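Descriptive analysis of the structure
Below are the chains, spelled out letter by letter.
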Amino acid sequence: VSTVLVNGGCLVGSEAEMLAVPRALALTTATFLAALALAPIAGASATSDPRSLDQWALQGDAPMGIESAWRQSTGSDVTVAIIDSGADLTHPDLAPNLWTNAGEIPANGIDDDHNGYVDDVHGYDFVDNDGTPQDTNGHGTHVAGIVGARGDNGIGGSGVAWRVRLMSLRVLDANAHGTTTAVAGGIRYAVDNGARIVNLSLAGPTPTVELEDAVQYAQAHDVPIVAAAGNDGADLTTSPTYPAAYGEANVIGVAATAPGGGLASVSDYGPGADIAAPGAQILSTALGGGYEWRTGTSMAAPEVAGALALLASVRPDLDGNGLRDALLGGVRHTGLPVEAGALDIGTSLRNVIPVASWKDAPTTALSSYRAPATATKSATLKRKASKKPKIKTSSTKAAKRARAKAKARKAAARRRAQAARRAKIRRNKATVRAINAPAPHPIPHHS
Ligand SMILES: [Ca+2]
Ligand SMILES: [Ca+2]
Ligand SMILES: [Ca+2]
């Protein structure tokens, strides 16, 4: 990922062209960001629902607790903004789950709902500045499907959330590159138009004031931002990426794990990576209605965004901090080099659902145990159904919940301390940069 300075939307290619702008301002105006998926490992076109068996992260509870999670919720009308290269808007496994702006009449050239954007029916295209965020790269389509390809519809595979509202905001071009200016615009659109969660499967090496302002705007409106940690296999202590490394509490940085639970070799790690989630060899939606495998922290972030969508579906009352604390309070401590631990959606959900409302396996009559009817197509679930379910008494459940709550509180406190520390480091860095930056060239006066 290379840093390219941008001035007023135009590439600044030479020193001479920079003379008219104060250098320090140019440095913080905008930077390029890039998507973080590696090239597809293999491609395949969707034929039927059984493609879900190729989705290792969605098999049983081992990878990230999805079997237990789906027992509680498979989603609802929670809006998740995918700020990326757009989405394949006609993909049959995405189309039913697209967010729709009810106040906007399509393709009439009029901003019917007066939100400042013309014909923004499913989102907006900040690259071409039009109302059609159609993906021309494939990255955003893949990311969107991980959050919420429609589940149990007889087509392809499934997202973490079977039902969700995917708001598509195109900020990356056909080469999966874009500017922080476009990303900041996407974040503000998402917040202003009802997104509950934002996914950013992109990163750059340079922080900008414009992007951080947008992150703070989301925080002020209780919108968590899930950000890929980066694909350099690097320690974020020495090679921070943005937006993952911003210190704001609503930024949830995500590292990627491989099948088996270890850190994916490409994944960045360390402070700024709050949580790890499956991100290697992930099968999801592809351009043209198909499916393909991709690897990267770009794939791990939407697993977490999907988890937050499930949390918001069962606890619509939780604010941004509440969602984040529920997510991080359920993690597994498996020794990964991230701040909290490994994603466990089932535990996170159960930690915030009142015991009386758990949709659980019967704990009295073992013979009556059945896998949930909504998930009978999963071979793994069928195998699990033949095993004895764990019997838990309500008192051990309560104790577990209390421990989990305490853990969540500790994690939140730790998180706040780390955020403060990172903010301090960032301030110091900014000071150093300002000091080291050459004095701005005088702007010639013309009369
Ligand atoms: Ca509009
Ligand atoms: Ca319109
Ligand atoms: Ca499907």
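Here's what I pulled together on the structure shown here. (Residues numbered from 1 in each chain as written. Chains lettered and ligands numbered in written order. Predicted model: local features only at pLDDT ≥ 70, side-chain atom pairs only at ≥ 80, totals over all residues. Heavy atoms only, no water.)

Focus: the overall build of the protein
To be explicit about the condition: Helix and strand assignments follow DSSP, with helices taken as H or I runs no shorter than four residues and strands as E runs no shorter than two, numbered in order from the N terminus. Each residue is placed in one exposure class: buried if its accessible area under a 1.4 Å probe, protein chains only, is under 20% of its type's maximum, exposed if it is over 50%, and partly exposed if it falls in between. The criterion used for residue contact is that any of the two residues' heavy atoms lie within 4.5 Å. Computed by Shrake-Rupley with a 1.4 Å probe, the accessible areas treat only the displayed protein chains as cover when residues are assessed.
Secondary structure assignment for the protein yields 11 helices and 16 strands. Counting the 447 residues in the protein, one finds 55% classified as buried. Sequence separation of 24 or more characterises 74% of the internal contacts of the protein that already satisfy a separation of 6 or more. When the accessible surface of the protein is split by element, carbon and sulfur atoms take 57% of a total near 18,300 Å².

Examining the pattern of salt bridges
Here the idea is simple: oppositely charged side chains can pair when their charged atoms come close. The condition is simple: Put simply, a salt bridge is a Lys or Arg side-chain nitrogen that is within 4 Å of an Asp or Glu carboxyl oxygen.
Considering all chains together, one arrives at nine salt bridges under this definition. Two residues, Arg71 and Glu67, come together in a salt bridge whose shortest N-O distance is 3.6 Å. With Arg71 and Glu67 both in helix α3 (residues 66-72) and four residues apart, this pair spans about one turn of that helix. Here Arg71 and Glu67 have matching classes, each one buried. The salt bridge involving Arg315 is made with Asp317; its shortest N-O contact spans 2.8 Å. Overall, the relative accessible area of 23% leaves Arg315 in the partly exposed class. You can call Asp317 exposed: its relative accessible area is 53%.

A look at the coordination of the calcium ion (ligand 2)
Test applied: We call an atom a donor if it is N, O or S and sits within 2.8 Å of the metal, or 3.2 Å for Na, K and Ca. Water is not counted, so some sites may look partial.
At this site the calcium ion (ligand 2) is bound by Glu104 (OE), Ile105 (O), Asn108 (OD1), Ile110 (O), Asp112 (OD) and Asp119 (OD), with donor distances of 2.2 to 2.4 Å. Motif for the calcium ion (ligand 2), donor spacing along one chain: E-I-x2-N-x1-I-x1-D-x6-D. Of the two residues, Asn108 is situated in the loop between β5 (75-84) and β6 (123-125) and Asp119 in the loop between β5 and β6; the sequence distance between them amounts to 11 residues. What makes Asp119 buried here is its relative accessible area of 15%.

Comments concerning the coordination of the calcium ion (ligand 3)
Stated precisely, the cut-off is as follows: Geometry is assigned from the angles between donors: four donors with all angles from 85 to 135 degrees make a tetrahedral site, four or six donors whose opposite pairs exceed 155 degrees while the rest stay between 65 and 115 make square planar or octahedral sites respectively, and everything else is labelled irregular.
Asp93 (OD), Asp93 (OD), Arg150 (O), Asn153 (OD1), Ile155 (O) and Gly157 (O) make up the full set of protein donors to the calcium ion (ligand 3), lying at 2.3 to 2.7 Å. Taken together, the six donor atoms surrounding the calcium ion (ligand 3) define angles of 50 to 171 degrees at the centre, an arrangement classified as irregular. Taken in chain order, the donor set of the calcium ion (ligand 3) reads D-x56-R-x2-N-x1-I-x1-G.

Re the nonpolar core
Heads up, the condition is: Remark: nonpolar core denotes a set of buried residues (Ala, Val, Leu, Ile, Met, Phe, Trp, Tyr, Cys) joined through side-chain atoms within 4.5 Å.
Core analysis: the largest hydrophobic core is formed by 60 residues, its most contacted members being Val254, Ile275, Val304, Leu327, Leu343 and Ile345. The element that contributes the greatest number of residues to this core is helix α7 (residues 297-314), accounting for 11 residues. Excluding residues within four positions of it along the chain, Val254 makes contact with Val226, Ala227, Ala228, Ala229, Ile275, Ala277, Thr297, Ala300, Ala301 and Val304. Within the second largest apolar cluster, 35 residues are counted, among which are Tyr124, Ala182, Ile225 and Tyr242.

Digging into unusual backbone geometry
The amide bond that connects Tyr242 to the next residue, Pro243, takes the cis arrangement and shows omega of 15 degrees. Although it is not a glycine, Ala107 sits at a positive phi angle of roughly 50 degrees. In this fold, Ala107 is placed in the loop between β5 and β6. With phi around 60 degrees, Asp119 is a residue other than glycine that occupies positive phi space.

Quick look at the sheet that holds strand β9 (residues 197-200)
The cut-off we apply is this: In short, DSSP must find at least two bridges between two strands for them to pair. The angle between two axes is taken between their N-to-C directions and runs from 0 to 180 degrees, where each axis is a line fitted to C-alpha atoms and a helix contributes only its stretch in contact.
Judged by pairing direction, the sheet is parallel, and its eight strands sit side by side in the order β6-β7-β5-β9-β11-β12-β13-β16 without closing on themselves. On the outer flanks of this sheet lie β6 and β16 (341-342), each paired with one strand and no other. Taken together, the two bridges between strand β13 (residues 275-278) and β16 define a ladder with parallel strand orientation. Directly across from Ile275, in β16, lies its bridge partner Gly341. Strands in contact with helix α4 (residues 139-148) are β5, β7 (163-170) and β9; relative to β5, the strand with the most contacts, it is inclined by about 160 degrees.

Concerning helix α6 (residues 209-220)
At 3.6 residues per turn, the α-helix brings residues three or four places apart onto the same side. The following threshold applies: What a helix is expected to span follows from its residue count: subtract one and scale by 1.5 Å. Each C-beta atom gives one direction from the helix axis, and the arc is the one those directions make.
The end-to-end C-alpha separation of α6 is 16 Å, in line with the 16 Å expected for 12 residues at 1.5 Å each. For α6, the complete set of buried residues consists of Leu211, Glu212, Ala214, Val215 and Ala218. End-on view of α6: buried residues confined to an arc of 155 degrees, all on one side of the axis. Just downstream of α6 lies Asp222, where phi reads positive at about 65 degrees.

A word on the sheet that holds strand β3 (residues 32-35)
Each strand in a sheet pairs with another by means of backbone hydrogen bonds, the pair being arranged parallel or else antiparallel. Ordered in space as β8-β3-β10, the three strands form an open sheet in which the pairing is antiparallel. Unpaired on one side and paired on the other, β8 (177-179) and β10 (202-203) mark the two borders of the sheet. Strand direction decides the pairing type here: β3 and β10, joined by two bridges, are antiparallel. Note that in β10 the partner of Ala35 across the bridge is Leu202.

A short note on the packing of aromatic side chains
Counted only if it meets this: Only centres within 6.5 Å qualify two rings of Phe, Tyr or Trp (six-membered ring in Trp) as a pair; their planes then separate them into stacked at under 30 degrees, edge-to-face at over 60, and tilted for everything else. For a Lys NZ or an Arg CZ to count as sitting over a ring, it must be within 6 Å of the ring centre and within 35 degrees of the ring normal.
If you walk through the whole model with that rule in mind, you get eight aromatic pairs. Residues Tyr124 and Phe126 carry aromatic rings whose centres are separated by 5.1 Å and whose planes lie at 70 degrees to one another, so their mutual orientation is edge-to-face. Accessibility classification places Tyr124 together with Phe126 in one group, the buried group. Pairwise contacts between aromatic rings join Trp99, Tyr117, Tyr124, Phe126 and Tyr189 into one cluster. Above the plane of the ring of Tyr217 lies Arg188, whose end atom (NZ or CZ) is 4.8 Å from the centre. Here Arg350 stacks its cationic end above the ring of Trp358, 4.0 Å away from the centre of that ring.

Examining the environment of Asn137
Defined as follows: The definition of a polar contact used here is a pair of N or O atoms within 3.5 Å, where within protein one atom must be able to donate a hydrogen and the other to accept one, and adjacent residues in sequence count solely through side-chain atom pairs.
Structurally, Asn137 is set in the loop between β6 and α4. Looking at Asn137, the relative accessible area reads 24%, which means it is partly exposed. Distance in space between the C-alpha atoms of Asn137 and Leu287 is 7.9 Å, their sequence separation being 150 residues. Contact partners of Asn137, with chain neighbours within four places excluded, come to Ser85, Asp173, Ala174, Asn175, Ala176, Leu287 and Arg294. For Asn137, the side chain forms a polar contact with the main-chain nitrogen of His139, separated by 3.0 Å. Of note is the side chain of Asn137, whose polar atom sits 2.8 Å from the backbone oxygen of Ala174.

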